[in-house]
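Commentary on secondary and tertiary structure
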Amino acid sequence: MATLDPEVMIRQAGRLAGDLEELTEPVGRTAAALVSAADWGSVGSVHLVGDGDSYYAAVSAELAFRSLAGVDCAATPALGFLEYEAPWLRSRNGAGRRLVVGISASGFTPRVVEAVVRAGRRGAATLAVTGVPGSPLARAADHTLPVRLSGGEPSPGIRTYQASLLALLLLALRLGEARGHHTGADREALEGEIAALGDGVARTVAELGGACRRVAELVGDGPVVAMVGSGPALGTAHYGAAKLIEGAGVFARGQDLEEWHHVERFAGPYDMPLFVLAPPGRSHARAVEVAARATELGRRVIAVAHPRDTAVVRHAAAVLPVAARAREEFSPLLHHLFAGILACRTGQRLGRTPFSTGLV
């Protein structure tokens, strides 16, 4: 792979607000047409299948399918789905139709393609969420929800991650409407909430510029970094860790809030950086408790939170600001924004480039 300029991640982040504003309406409309044509009002459960960023987007979208579509939902890495879920698809088919959604920005991820093929053979409805409509994944699935981005360039996934996440959230809203879980007016209001986040995305990216430079100093001198969150924020934690690995060659780990407190809090070094993702929602109170306990243990806590969220910010050595607020289901659209910018600044501080890390 040719050496990539770390600044590509900054350029990608700078386009996220525009992508959100441009994609929400057409992708939502396409999702509506798919749900209607496929008659998915009887879908009772959804499997979201991906690898890497696609899997992390799936984890971040699980709650939206449960709460806003009213369906059982599980996000699973592709191999786990192939070997431990697909064999039992038919025998568990008593509570409505099953929909298996394969997610891959490129459409070429081998195990995801195989998962969709196997799910179709087991009688499930299948959908590809991809940026390449003619890809192997699109050809393997019954239907395709394309999410096309203009002006792409090689980079650790940043714009593609948001695009996949956005498509899943919009699919959940349209599926919820088809199932009678909410009305068309409710769905329009919810889509309006997503579209309105464009300004918050732009302001957050702008505010993260200086903050990520400062936090890169904390990250760069630690042998390991942990990022923790629960619910949708767990997907964001996994994604943030992946960007530090891909963009700066820093060993990073995404983990659930409670699991970190249960196990990893005992691990040294005791001043290791700990990123606490604290969006408003069901796990916010526990995020505050974990941040407080981690600070007591000597961890360098970095809060990914709204600057006025004093409950968590007061326990942090640094803050990566989130300049707007959103309901928990949509919060990943705001809380993932730090990842690429921080990876770029950390890589520059360490003299590393994306994927190669300057070590070869």
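In this report, the structure presented in the accompanying data block is examined. The model shown is predicted, which means the values in this text are computed figures rather than measured ones.

Considering the sheet that holds strand β4 (residues 125-130)
Judged by pairing direction, the sheet is parallel, and its five strands sit side by side in the order β2-β1-β3-β4-β5 without closing on themselves. The open sheet is flanked by β2 (72-77) and β5 (143-146), the only strands paired with a single partner. Strand-to-strand twist across the sheet, computed as the mean angle between neighbouring axes with direction ignored, equals 20°. Sheet topology note: the strand β3 (residues 97-103)/β4 ladder contains five bridges and is parallel. For V100, the partnering residue across the bridge sits in β4 and is T126. Relative to β3, helix α5 (residues 110-121) is tilted by about 165°, and along the sheet it contacts β1 (43-50), β3 and β4. Packing against the sheet, helix α7 (residues 159-178) makes contact with β1, β3, β4 and β5, and its axis sits at approximately 165° to β3.

Some points on the sheet that holds strand β8 (residues 273-277)
Pairing is parallel across the open sheet formed by five strands, whose spatial order is β7-β6-β8-β9-β10. Edge positions in the open sheet fall to β7 (252-255) and β10 (318-321), since each of these has one partner strand only. For this sheet the average axis-to-axis angle between neighbouring strands, irrespective of direction, equals 20°. Sheet analysis places strand β9 (residues 300-305) next to β10, joined by four bridges and oriented parallel. Its bridge partner being in β10, A305 is matched across the sheet by P321. Of the strands in this sheet, β6 (225-228), β7 and β8 are in contact with helix α10 (residues 232-248), which crosses β7 at around 175°. On top of the sheet, helix α12 (residues 284-296) reaches β8 and β9; it is set at about 165° to β8, its chief contact.

What counts as what
Residues numbered from 1 in each chain as written. Predicted model: local features only at pLDDT ≥ 70, side-chain atom pairs only at ≥ 80, totals over all residues. Heavy atoms only, no water. Pairing = 2+ DSSP bridges. Helix = DSSP H or I, 4+ residues; strand = E, 2+ residues; numbered from the N terminus. Axes fitted to C-alpha atoms, helices over the stretch in contact; angles between N-to-C directions. Contact = heavy atoms within 4.5 Å.

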